[in-house]
Amino acid sequence: MIETALTYFFTVAAVLGGMLMLVARHPMRAALALVCSMLSLAGVYAMLGVHVIAVFQVLIYVGAVMIFMVYTIMLLDVRDPSFTRRWSGLLVPGVLGAGALSAVIAWALRDAGDAPASASTEAFGVQSFAVTFLEEYWLYFELSSVLLVAAVIAAIAALRAGGGRDG
Amino acid sequence: MAEQQFLLAASAVLFSLGLLGVIIRRNALVMLMSMELMLNGVNLSLVTFASAAGSTEAAVLVFLVFVVAAAEIAIAIPIVLALARRRGTLDAGSWTELKG
Amino acid sequence: MNWQAVFIGMLPEHLLLAGALLLIVVELLSRRPPDGLPLALATLAAAFLAALWLAATGHAGEPFPGQLTVDPAAFAGKAVMLGLAIPVALLARGELEGPRPYLLLLFSLYGACLTLSADSFLTLFIGLELLSLPVYVLVMAGMRGPGSAEAALKYLVLGGTASAMLLMGASLLLGATGTLAIASFAAGLGAGTPLATAGVLLVVAAFFLKGAVVPFHAWAPDAYQGATVPVTAYMAAIVKAGVLLAAVRLFGEAGVPPALVAPIALLPLVSMAWGNLAAIRQSSFRRMIAYSSIAHAGYLFFAFLGAPEGRFEAVAFYVIAYGLMNVLAFAALPAGADDAAADRLESLQGLYSRRPYAAITLGIAMLSLAGLPPFPGFVAKFLIFRNVMEAGYTGIAVAGLLASYLGLYFYLRVLQFAFMGSASGETIPARRLALGASLLCLIPVALLTFFPGWLLERL
Amino acid sequence: MAEATLLNYVLWLPVLGMAALLVLPRGADAAVRGLAFVVMLLQFVLAAWLYGQFEAGVAGLQFETRLPWIADWGVYYHVGLDGMNVLLVLLTAFLGPLVVAGAVNAIRQDVKLFHAMVFFIQFAMIGTFVAQDLFLFYVFWETMLIPMFLMIGIWGGERRIYATLKFVLYTAFGSILMLAALIYLVWSLYEERGALSFAFTDLYGLDLPMNVQAWLLGAFALSFAIKVPIVPLHTWLPDAHVEAPTAGSVILAGVLLKMGTYGFMKLGFPLFPEAAVAAAPLFMTLAVISIVYGACLALVQDDIKKIIAYSSISHLGYVMLGLACFDLLGVQGAVIQMVSHGLVSAGLFFMVGMIYERCHTRDLAAYGGLAKAMPVYSVFFMVLTLASIGLPATSGFTGEFLVLVGAVSAGWAQHVAGAGSTTLVLGVMAVLGVVLGALYMLRFARLFLFGEERLPGGHAVADLGLREKAILAAIVVAVFWLGIAPAGPLAKTESGSLQFQQLVLGDAAGGAP
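Read on for an overview of the structure. Predicted model only: the values in this text are computed from it and were never measured.

### Notes on the overall build of chain B
Line of reasoning, step 1. Along its length, chain B carries 3 helices and 0 strands.
Line of reasoning, step 2. Scanning chain B from its N terminus toward the C terminus, one meets helices and strands in the order α-α-α.
Line of reasoning, step 3. Since a compact globule built from 100 residues should have a radius of gyration of about 13 Å, the 17 Å found for chain B marks it as more spread out than a globular shape.
Line of reasoning, step 4. Here chain B holds 100 residues, and 78% of them are scored as buried.
Line of reasoning, step 5. Sequence separation of 24 or more characterises 54% of the internal contacts of chain B that already satisfy a separation of 6 or more.
Line of reasoning, step 6. Of the accessible surface of chain B, which amounts to about 1900 Å², a share of 58% is contributed by carbon and sulfur atoms.

Okay, here's the thing in C-alpha cells:
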C-alpha cells in the first residue's frame, strides 16, 4: 500500500520536475529541476523493484550526465539573452503540438494496462540481468563499447575543432 | 486507474514535455536537457512494459539508452563550449547566420 | 555461438572496425598526426569488396539470431554505402586534417552497416546512434565559422530527439506486441489498435526526422551549409541512404494499410513541394542541396506506399543514383580558402569556360537530380512513382510528380550559372583529388544511363 | 543483316561525333566545324539511303531493331521506320549539315560545346521519331530539352536566359503530366494482359473506358500541344525563337515543333481513339484558331524573327487540322505540311540569320529595298516567301492543299450524313487563313525587299557568299521537289497515314465517316 502511494508520489514528482525544468529561467535551475525529476524516476524504478535500473539512473544520469551539465553551466556563466527570453517563436504551436501528442499517446495507452499487473521483476534482478545480458545479449555489450570508443574520439575531435583556430 | 496505466501516462507526459522543451526553449543547454527528459520518459515506459512482460531485452535497451545518453552529452558539451567561446551566447534564437 | 557466421556475416563491419582500430594505433604510435586517407581508403575498399562479394554470392546467415541477421539485400545496401564512401573520402583531402575525421567516418559507416542488418530495435537504435554521433562532430570538423558549431548542436539535439521518438515508438510497440524485434513494426502496421498505430507513427516520425522530411527538416539546411564539402556529401549521400535502407528493412514485407496512407504520404508530399520551392531562393550551393535533399527525402519515402516487393529495388536504385549525383556535384565545386564565398552560387559563374570538365559533371549531376532523362535520376524517379501508381494511389502519384516539377527551375539555375554566365577574371581552383572522386562517380553514372536494366535486374 | 542495323547508325552517329569532339583540343575550331559537318553529312547520306530503301505501301515497321533494355520492366530498345516517321527522319538529317554550315560565322564562343549540342539534339530528335517503345520515346522526348536549353541559353540574344527557362519550364510541365499518364497507361496494360510492355503496338490495342481515355488523352495532348504549339499554349515560342541563335531557331522551327504533331499522330490520337474522335472538333477548333491567330499576329509584328515565329504557329495549325479531321488526304497533307514547314521556316530563319549577321538588327522598319542591294538574297527570299504562302509547285502548296481538301471533304461527308457541320465550317475558315497567310508574308516581303533602299547603318552590305548560297539552294531544291513531284514522298507515307486512320477510326463506333 505504502509502496503504491510512494510510486504515485515519485511519478508526480518526476512530471513536476519536468515541468519546472521547462519554465525555469536560468539553466542552472532547469538542471536542478531535471535532477529532481531523474531522482524521482529512480525512486519509481526502485518502487517497481527494478533496482538495477534505479542504480543506473542515479549513477549514470544524475552522477555523470547531469553533473557534467551543471559543471558546464558553471564553467560558462555567460550573460545570455536566452535567460531573459526563454521562448522561441514556436511557443504556441509547440505547446499545442506537444499537448496533442501526449494526449494521443496517453489515449493509445489506455488499453495497454490489460496485461496482468503482477509485475514480474525477475528480468531486472541484478544477477539474472547480468547473466542474461552477458550470455544472450553480449552483442550489445560489445556494440556499446564500440559506441563509447567512437564517442570518445568524437568528443576529442569536437574539442580540437572547437578550440583549434581562434579559441 | 491501474498503476501501470498511470506510469505509462506519466511517461507520455514526460516525453511530450521533453519534446516541447526542444521546440520552445532557446537556450542550447536547456534544449539538451529537454532531450534527456524525452529519453527519461522513454525509459519509464520501457521499464513499465518490460516489467509487465518480463522482457530482459527491454532492460538491455534501457541500459543502452543510458550509454547513448552519456555519449551524446559527452559529444554535446565540447560543441557547447566551442559555441559559447565563439558566439558568446547559447541563445538559439540569436543564431541568425544560418537562417534563410 | 556460430563463430563462422559471425565472422563471415559481419565481415564488412569487422573490416571497418579493424581499420579504425589500426588507425587509432597508428595515431598513437606516430609523433606527428599521420595522414589517415590511405588507410581509410584501403579499409573502405576492403569492406566494399567484402560486401559486394557477399551480396553477389547471395550469402545469408544469422550471426545473432533475433538481433542481427544478414541477407543479400543487406549486403547490397552496405556495398552501396561503402562504395559511395570512397569518393567522399577522396573529397576530404585538403578539407579535413589528420586521422580523426577518417576515424569518425569509419565508425559512422560501421553504424550504418549495423542498421541494415538489424533485427531488433536495440540493434537498429545503436546502429543509428553510431551512424549519427560521429557526423554531429564531423559537421563542425574543419569549421570555418561559428555557424558550424551551431549546426552541429542543432543536428545533435534534433538527432537525439529522433532517437527518443524511435525508442518511444519501439516501447509502445513492445506494449502492443510484446517484443522488440523489428518485426513488431510490421505487425503494428497491420494491427490497427491505437497503441500499435501510435507506436508505428512515432517510429515513422523518427525516420522522417532522420531523413529530413518537412516539418522535421530544420536541421538539414544548417547542417549542410555549416559542414565542409566532404561532410555535406557524406550526409547527402550516405547518411540518407543508411536511414532509408534501414527504413526498408523496418517495413519488411508489410504493406501500408489504407488508413495510414494519408499520414505517411502527406508529409513527404509537402516535403517535395516545400523543399523544391525553398531551394529556389537559396544563394548558398550547399543550402540549396539541403533543400533538394529534403525534396528527395519526400520521393524516397513515397517508395513505402508501393508494394513491399518493389521497395528495396526502388530505394536502393534511388539512393545509388542520388548519392552518385551528389558526390559528383560536390566534386565539381570550386575549392577556396574562404569557404562561405566558394559556397555561393555566384562562384560557379562561368565555370565552363575555366573548368569545362567540372562544369559538365556538375551539369549532369543537376539534370539527373532534377529527374530529367536520360540520366539515372529519371529511372529512379520513374521507379518510385510507378510503384506508387501501381499500388493504386494515382492521385498521390500525380501530385508528387507535379511537386517534383517545381524543382526543375533551381537545378537549371545552376546550369545557367555554370554555362551561361560570363566568366570573371579570377581562376577557380579545383579540389585536390576531385578528379578521382568524380571519375569514380562518372563511370557508374554512364553505365547506369545506358544500362539501367543491368542493375535493376540485380536488386 | 547490315541493312536492318542501318537505322541504328543514323541514330547513333551523332553520339560517336560527340565522343570524337572530346578528343579534339580546345580552340581547334576549324577542325571541330569540319568534323561536325562531315559527320552530319554522313548522317544525311545514310538517311537518304534509308529513305531510298524504304518500301512504299508496306504496312508495319522497316529497319526494325528490338533489344531488351530494362528487361524487368518490359522496356525495349525498339526502333524502326514506318510511313509516319520516314520523311521526318530525312528532314532532320537534311537540316543537320545545313545547321553546322550556317553556324560558321554566327557561333564564335564555345564552338566545341555548340557542336556537341547539335549532335546531342540530332540524336534526341531522331531517337524520338524512330522510337517504337513508349519508355524510349519519353526518354528521347525529354532529353531534347537539355541541348535546346543550353543552345538558347548560351548562344542566344539578350533575354536568352528568360526565353530558355520559359521554353524548358513550359515543355517540362507538359511532360510531367505525360509521364503520369504514361505510367497509368502501362499499368492498365499490365492489369489487362498481365505482362509489362511499353511497345506502341501493344498499347494501341488497349481497351480503356471513355473517361480514363479522356484523362490520358488530355495529359498527352497537353504535352504535345505545348510543343506544337497550339494557341493558347504558344507563348513560349516567340520568345524562344527571337532569343535563339539562328541554328537554334532552325532546329526549333525545322524539327522540334514537329515533335508535337508527330506525337499526336503516333501516340495521342491512336492510343485513345474514342476520346480522340470525341475531341476532334475541339482540336480542329483550336487548330483553326491557331491558323487565324498566328496569321493575325504575324501581320502586325515589327521583328522579322517574330513574323516567322508566328507564321509557324499558323502553319502548324494546318497540320493539326489535317490530323484531327482523320481524312486520308488530310493526314497525308499534314505529313507533307510538317516537312514543308520544316524546310520553309528553316530557310527563312537562315535568311534572317544571314541578314542579322550583316546588319545586327531584326527591326523590320530598319530595312527596305533589299532587292537592289542584295539581289541573290532577294530571289531566295521571294521563293521561300511564296512557298510559305503555298504557291503551286512549292511544298507549301502540296501540304496546305491536301489538308484543306481533306478537312473540307471530311466536313462535307459529315454534313451530308447529318452529323453536324462543324467540321465543314472549320474547313472553310481554314481556307480563309490561307488568304491571311498571303497577306502577312507579302507585307513582309514588300517592306523588306522593295521600296526605298534602306539599310541599318547606311553602308552597303555584301550579297550572299558561296556557303550561304549553297545552304539556301539545298533548301529550295527540296521545297520544289516536294512541290513538283510529291508522288514519291506521298507514296512512302501513305502506309503510315492509313495506319493512323485505321488505328483511330477502326475502333470507333460507327466506323469511318
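And the narrative resumes.
### Some remarks on the packing of helix H17 (residues 356-369) of chain C against helix H20 (residues 408-420) of chain C
All names here are of chain C.
Line of reasoning, step 1. Between H17 and H20, the shortest axis-to-axis distance is 9 Å and the interhelical angle comes to 165 degrees. Between H17 and H20, the angle falls in the class roughly antiparallel. Crossing of H17 against H20: the hand is left-handed. The residues of H20 that touch H17, namely those facing Ala359, Ile360, Leu362, Gly363, Met366, Leu367 and Leu369, are Tyr411, Leu412, Val414, Leu415, Ala418 and Phe419.
Line of reasoning, step 2. Residue composition of the contact of H17 with H20, grouped by class: 12 nonpolar, 1 polar and no charged.

### Observations concerning the interface of chain A and chain B
By convention, interface size is frequently given as the accessible area that disappears when the constituent parts associate.
Line of reasoning, step 1. Taken together, the contact between chain A and chain B spans 86 residues of the former and 73 residues of the latter.
Line of reasoning, step 2. Summing both sides of the interface, chain A and chain B together bury roughly 6700 Å²; the carbon and sulfur share of this comes to 76%.
Line of reasoning, step 3. The largest share of the area that chain A buries against chain B comes from Leu22, Tyr61 and Met69 of chain A, three residues that together contribute 9% of it.
Line of reasoning, step 4. Across the contact surface, chain A and chain B share 0 salt bridges.
Line of reasoning, step 5. For the interface between chain A and chain B, the tally reads 6 residue pairs in polar contact (both at pLDDT 80 or more).
Line of reasoning, step 6. At the level of secondary structure, the elements contributing two or more residues to the side of chain A that touches chain B comprise helix H1 (2-23), helix H2 (27-48), helix H3 (51-76), helix H4 (81-84), helix H5 (91-108), helix H6 (126-135) and helix H7 (138-163) of chain A.
Line of reasoning, step 7. Take the side of chain A that touches chain B: its biggest share by element is 13 residues, from H3 of chain A.

### Overview of a nonpolar patch on the surface
Line of reasoning, step 1. Residues Tyr357, Leu435, Leu439, Ile443, Leu447, Phe450, Phe451 and Trp454 of chain C make up a contiguous nonpolar surface patch of about 830 Å² in total accessible area.
Line of reasoning, step 2. The element that contributes the greatest number of residues to the nonpolar patch is helix H21 (residues 434-450) of chain C, accounting for 5 residues.

### A word on the packing of helix H5 (residues 100-117) of chain C against helix H6 (residues 121-140) of chain C
Residues and elements named next belong to chain C.
Line of reasoning, step 1. The geometry of H5 relative to H6 is characterised by a closest axis approach of 7 Å and an angle of 155 degrees between their N-to-C directions. For the element pair H5 / H6, the angle class is roughly antiparallel. Where H5 crosses over H6, the two elements pack in a sense that is left-handed. For the pair H5 and H6, the contacting residues are Pro101, Leu104, Leu105, Phe107, Ser108, Tyr110, Gly111, Ala112, Leu114 and Thr115 in the first and Thr123, Leu124, Ile126, Gly127, Leu128, Leu130, Leu131, Pro134, Val135, Val137 and Leu138 in the second.
Line of reasoning, step 2. For the contact of H5 with H6, the class distribution of residues is 16 nonpolar, 5 polar and no charged.

### Some details on the side chain of Thr394 of chain D
Line of reasoning, step 1. Among the secondary structure elements, Thr394 of chain D is positioned in the loop between helix H16 (375-389) and helix H17 (395-417).
Line of reasoning, step 2. Leaving out residues up to four positions away in the same chain, Thr394 of chain D has contacts with Leu386, Ala387, Val479, Phe480 and Gly483 of chain D.

About the cut-offs
- Residues numbered from 1 in each chain as written.
- Chains lettered and ligands numbered in written order.
- Predicted model: local features only at pLDDT ≥ 70, side-chain atom pairs only at ≥ 80, totals over all residues.
- Heavy atoms only, no water.
- Helix = DSSP H or I, 4+ residues; strand = E, 2+ residues; numbered from the N terminus.
- Rg over C-alpha atoms; globule rule 2.2 N^0.38 Å.
- Buried < 20%, exposed > 50% of the residue type's maximum accessible area, 1.4 Å probe, protein only.
- Contact = heavy atoms within 4.5 Å.
- Areas by Shrake-Rupley, 256 points an atom, 1.4 Å probe, with all protein chains shown as cover.
- Axes fitted to C-alpha atoms, helices over the stretch in contact; angles between N-to-C directions.
- Parallel < 35°, antiparallel > 145°, perpendicular 65-115°, else oblique.
- Left-handed = near helix turned anticlockwise from the far one by under 90°.
- Nonpolar A, V, L, I, M, F, W, Y, C, P; charged D, E, K, R; others polar.
- Buried area = accessible area lost by both parts, 1.4 Å probe.
- Salt bridge = Lys/Arg side-chain N within 4 Å of Asp/Glu carboxyl O.
- Polar contact = N/O pair within 3.5 Å; in protein donor to acceptor, adjacent residues only side chain to side chain.
- Patch = residues over 30% accessible without salt bridge, like charges linked within 9 Å, V, L, I, M, F, W, Y side chains within 5 Å.

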